[in-house]
Amino acid sequence: MPDVAPERDQQFRHMRGVAREIFASALRNASIESAFARNVHCERHVLRIGEDLHDLDSYNRIFVVSMGKAAHTMVAALEAQAGSNLEGVVASSVDLASQLRGFRYFRGGHPTPTAESIQAAAAILKSLDSLDSASLIIFMISGGGSSIVEKPVDDEISLDDIAATYRALVHSGAPIAEINAVRKHISAVKGGRLAQAAYPAQQVSILVSDVPDDTPDALASGPTMADSTSIHDCERIAAKYNLIEQFPESVASLFRQHALEETPKSDDPAFVRARWWTVLSNKIAIDEAAVAATRAGFAVEVDNSCDDWPYEKAAAYLLNRLREMRSKVSRVCLLSGGEVTVTVRNGGIGGRNQQFALACAEQIVGQNITVLSAGTDGIDGNSPAAGAVVDGTTGSRAGTFAHDPAGDDPLTKSLTGFNAYPLLNKLGDAVITGPTGNNLRDLRILLAY
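Here is a short report on the structure shown in this document.

Calculation rules
Residues numbered from 1 in each chain as written. Predicted model: local features only at pLDDT ≥ 70, side-chain atom pairs only at ≥ 80, totals over all residues. Heavy atoms only, no water. Helix = DSSP H or I, 4+ residues; strand = E, 2+ residues; numbered from the N terminus. Core = buried A, V, L, I, M, F, W, Y, C linked by side-chain atoms within 4.5 Å. Buried < 20%, exposed > 50% of the residue type's maximum accessible area, 1.4 Å probe, protein only. Contact = heavy atoms within 4.5 Å. Expected span 1.5 Å × (residues − 1). Phe/Tyr/Trp six-rings, centres within 6.5 Å; stacked < 30°, edge-to-face > 60°. Lys NZ or Arg CZ within 6 Å of the ring centre and 35° of its normal. Pairing = 2+ DSSP bridges. Axes fitted to C-alpha atoms, helices over the stretch in contact; angles between N-to-C directions. Salt bridge = Lys/Arg side-chain N within 4 Å of Asp/Glu carboxyl O.

**Digging into unusual backbone geometry**
Part 1 of the reasoning: Cis geometry is adopted by the peptide bond preceding P111, which originates at H110 and carries an omega value of 10°.
Part 2 of the reasoning: With respect to the secondary-structure elements, P111 resides in the loop between strand 6 (103-107) and helix 4 (115-129).
Part 3 of the reasoning: Look at the link from Y199 to P200: it is a cis peptide, with omega at 15°.
Part 4 of the reasoning: Tracing the sequence through the fold places P200 in the loop between helix 8 (193-198) and strand 8 (202-208).
Part 5 of the reasoning: With a phi close to 50°, H258 is a non-glycine residue in the positive phi region.
Part 6 of the reasoning: By the secondary structure assignment, H258 is in the loop between helix 10 (249-256) and strand 9 (274-280).

Here is the structure:
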């Protein structure tokens, strides 16, 4: 592609900035603090969560478990609404400069469990065991909780084995709902098993969701919700992705011997005194992005139909939708939420958002299109970035700044090597926010002008 004229280069730079600002606006306005202000309130010792009222004076103990990437932010927001006389356990994947009195803190692993993930699960289970029918347990759950809090269902499964199992699942290309179906059945804390451990206490779960709205029990592998998946589902998923051969022997043997134990279902007594409230989800982030894009002068449409699609298929589909919109209106914005899938083979540094962005960059060379894809948690795969923003100049800029002595196209080489971050970072197109303390799935912003 020939060099871009200065005026066009300026236009592309401006649109990359616009895309970044739309994403930043969505992050600012879909905040946990505002969600708790709307949904959680305490007055005269009566705690309102969603539409439920809890007379705190009627309980002999109130205990809080906050887990996931948003755990710190959620417990701080709860304290802001309910006061400081709380106790509990907080398990997240990041450290916090200051800690709240009355809470024990753990830094679990993500995307695979660590020794502290196991310690967090042990501390939570021990605390729940001391609760009775006069206790109130407030669970606060956000994405990432699957690996941040973990205890294998079988003592024969070591930490290394469970970590290897997670890696096999994450790299399989399976959508998150299928990954979590398997995780639930090999865990002592997932698939409703924390709710069983908390029984007979009164339970309420506050959810910041990074899963599809119609599968809330997939969030953090549903530790407090009745499980909608079954052993049969797990065996089907393992066969579909050839996982048994990839699992360590301690896990593989459970499948070969049909020895998995079923998770609790909706008729389990643990759920009789349990309630769940989703206070934030991907839809709210999409809505806030739509407001920002409209304010920037774009006609906006939302299309989430490519959720859990392979990234190549999603890129082609969304770009076609964008071009259809552009044929009717001069400035258009297509928003898409959810997650695309990537089957990693000998990968480098990157993540699904950067892989998607590069796939788009290959298809929009020279076109007046800008694409941003990023995770609302600020983390994309094993890279320091949340995602990336690309446009019709990405191909030519890559050729200029990332010349390959072998003559290979830099975009193609980065894509096929699952090594998107080094190139995108060199171009200045990586979107870097740092961990946001929130987790509402991914957001894709496609602009045509």
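From this point, things continue past the structure.
**Remarks on the nonpolar core**
Part 1 of the reasoning: I32, F36, M74, F103, I138, M140 and I206 are the most contacted members of the largest nonpolar core, which has 34 residues in total.
Part 2 of the reasoning: The element that contributes the greatest number of residues to this core is helix 3 (residues 71-82), accounting for five residues.
Part 3 of the reasoning: In contact with I206, not counting residues within four places along its chain, are F36, V40, I49, M74, I138, F139, M140, I141, W277 and V279.
Part 4 of the reasoning: By size, the runner-up hydrophobic cluster in this structure holds 33 residues, among which are V342, L358, C360 and V390.

**Remarks on helix 4**
Part 1 of the reasoning: Under the 1.5 Å per step criterion, the end-to-end length of helix 4 is 21 Å for 15 residues, consistent within 8% with the ideal 21 Å.
Part 2 of the reasoning: Those residues of helix 4 not exposed but buried are S117, A120, A121, A123, I124, L125, S127 and L128.
Part 3 of the reasoning: On its buried face, helix 4 sits against strand 4 (61-67), strand 5 (88-92), strand 6, strand 7 (135-142), helix 5 (145-148) and helix 8.

**Details of the side chain of T341**
Part 1 of the reasoning: Within the secondary structure layout, T341 lies in the loop between strand 11 (332-338) and helix 13 (352-363).
Part 2 of the reasoning: Note on T341: relative accessible area 12%, which makes it buried.
Part 3 of the reasoning: For T341, the contacting residues outside a window of four places in its chain are G173, A174, P175, D308, W309, P310 and Y311.

**Considerations on the environment of G68**
Part 1 of the reasoning: On the secondary structure map, G68 appears in the loop between strand 4 and helix 3.
Part 2 of the reasoning: Judged by its relative accessible area of 0%, G68 is buried.
Part 3 of the reasoning: Not counting residues within four places of it along the chain, the set of residues in contact with G68 comprises A91, S92, S93, S142, G143, G144, G145 and I148.

**Digging into the packing of aromatic side chains**
Geometry of an aromatic ring pair is reported as the spacing of the ring centres plus the angle between the planes.
Part 1 of the reasoning: Within the structure shown, the criterion is met by four aromatic pairs.
Part 2 of the reasoning: A centroid spacing of 6.3 Å and a plane angle of 70° characterise the contact between F12 and Y449, whose relative ring orientation is edge-to-face. Of this pair, F12 sits in helix 1 (residues 6-29) while Y449 sits in the segment after strand 15 (442-448); the two residues are 437 residues apart in sequence, bridging distant segments of the chain. The exposure classification of F12 matches that of Y449, with both residues buried.
Part 3 of the reasoning: Ring plane angle 45° and centroid distance 5.6 Å describe the contact between F247 and F255, whose orientation is recorded as tilted. F255 matches F247 in its accessibility class, with the two residues each being buried.
Part 4 of the reasoning: Here the guanidinium or amino end of K313 rests over the ring plane of W309, the centre of that ring lying 4.4 Å away.
Part 5 of the reasoning: In this structure, R331 is placed above the aromatic ring of F298, and the distance from its NZ or CZ to the ring centre is 4.3 Å.

**Examining the pairing of strand 7**
Part 1 of the reasoning: The buried fraction of strand 7 is high, at eight of eight residues.
Part 2 of the reasoning: Neither face of strand 7 is exposed, since S135, I137, F139 and I141 on one face and L136, I138, M140 and S142 on the opposite face are all buried.
Part 3 of the reasoning: For strand 4 and strand 7, the ladder comprises seven bridges, and the chain directions are parallel. By the bridge assignment, S66 is partnered in strand 7 with M140.
Part 4 of the reasoning: Pairing geometry for strand 7 and strand 8, over seven bridges, is parallel. Residue pairing in the sheet places I141 in a bridge with L207 of strand 8.

**Overview of the sheet that holds strand 2 (residues 46-49)**
Two pairing modes exist for strands in a sheet, parallel and antiparallel, and in both the strands are linked by backbone hydrogen bonds.
Part 1 of the reasoning: Here we have three strands laid out as an open sheet, ordered 1-2-3, and antiparallel in their pairing. With one partner strand each, in any of the chains shown, strand 1 (40-43) and strand 3 (52-55) form the two edges of the open sheet. The sheet shows a mean angle of 20° between the axes of neighbouring strands, direction not considered.
Part 2 of the reasoning: With respect to the sheet, helix 3 is in contact with strand 1 and strand 2, its orientation differing from that of strand 1 by roughly 30°.

**Let's talk about the sheet that holds strand 15**
Part 1 of the reasoning: As summarised here, the arrangement of the six strands in space is 10-11-15-12-13-14, forming an open sheet in which the pairing is mixed. A single partner strand is all that each edge strand has here, and the edge strands are strand 10 (299-302) and strand 14 (430-431).
Part 2 of the reasoning: Of the strand pairs in this sheet, strand 10 and strand 11 are connected by four bridges, and their pairing is parallel. Note that in strand 11 the partner of A299 across the bridge is V332.
Part 3 of the reasoning: The strands touched by helix 12 (residues 311-326) are strand 10, strand 11, strand 12 (369-375) and strand 15; relative to strand 11, the strand with the most contacts, the crossing angle is about 155°.

**Quick notes on the pattern of salt bridges**
Part 1 of the reasoning: A complete count under the given rule lists 26 salt bridges for this structure.
Part 2 of the reasoning: One salt bridge connects R256 with E249, and the closest N-O pair in it is separated by 3.0 Å.
Part 3 of the reasoning: Residue E301 is joined to R321 by a salt bridge in which the shortest nitrogen-to-oxygen separation is 2.4 Å. A residue pair is termed long-range when its members are at least 10 positions apart, and E301 in strand 10 and R321 in helix 12 qualify at 20 residues.
Part 4 of the reasoning: On the basis of relative accessibility, which here comes to 18%, the residue R321 falls in the buried class.
Part 5 of the reasoning: A network of salt bridges, in which partner residues are shared, links K184, D217, D227, E262 and K265.

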